[in-house]
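# Fold and geometry: a report
Residue strings, one per chain:
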Amino acid sequence: ASTPPRSATRRERFCALICCSSMSYTQRVLGFVFCFAAGLVLCFSSLLSLSTLLLGNPVPFAVKYTLGNALSIGAASFLIGPGAMCKNMCARDRRASSLLYICSLAATLTCIFYVHSHILTFFSILVQFGAMIWCVSSYIPFGPSLLRRSMGVTRLFF
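Everything numeric here is computed off the predicted structure, so don't read it as measured data. (Residues numbered from 1 in each chain as written. Predicted model: local features only at pLDDT ≥ 70, side-chain atom pairs only at ≥ 80, totals over all residues. Heavy atoms only, no water.)

## Considering the side chain of serine 104
With respect to the helices and strands, the residue serine 104 is situated in helix α6 (residues 95–115). Take serine 104: its relative accessible area is 3%, and that puts it in the buried class. In this structure serine 104 touches Ser124, Val127, Gln128 and Ala131, once residues within four positions along its chain are discounted. (Helix = DSSP H or I, 4+ residues; strand = E, 2+ residues; numbered from the N terminus. Buried < 20%, exposed > 50% of the residue type's maximum accessible area, 1.4 Å probe, protein only. Contact = heavy atoms within 4.5 Å.)

Spelled out as structure tokens, the structure:
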């Protein structure tokens, strides 16, 4: 006797909705291009606010830079799907760097909108930048070991 088909659980329905499974390839590519382009525009326009950062007002730079990075993460999840993106980010060798990166994005926005501390905002921007480099290097073969090795070389000069 065959087993009757089971109905999808709430979690499975939620994952199917969130994972863009109903989007066509063209829609996914368009979503990627739009998010990535918007992220690049925000990140590059944050450079125009670099002078305000150096003059003691990190808010314009931090908002643009952080939202640009968040859009870039969203762009990648359009291509492979948010579920696969989360699975990749939670993989054993990427878990720490991904968690630090996501937390640094949240910390930057928290420092801007709730804490209102320019020093903490500036520090969280630095952490965000370092976490982004570490996170990106984890997707490159031998990237983390090359990063550690290059950091060892820079210690010779400073």
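Back to the text.
## Some words on the side chain of glutamine 128
Looking at the secondary structure, you find glutamine 128 in helix α7 (residues 118–137). Residues within four places of glutamine 128 in sequence aside, it is in contact with Tyr65, Thr66, Asn69, Tyr101, Ser104, Leu105 and Thr108.

## Quick word on the packing of aromatic side chains
This model, assessed by the stated rule, comprises 2 aromatic pairs. Considering the side-chain rings of phenylalanine 32 and phenylalanine 36, the 5.5 Å spacing of their centres and the 15° angle between planes classify their relative orientation as stacked. Placement of the pair is phenylalanine 32 and phenylalanine 36 together in helix α2 (residues 25–48), with a separation of 4 residues, close to one helical turn. Under the relative-accessibility criterion, phenylalanine 32 is labelled partly exposed at 24%. (Phe/Tyr/Trp six-rings, centres within 6.5 Å; stacked < 30°, edge-to-face > 60°.)

Remember that the coordinates give geometry; whether it matters functionally is a separate question.
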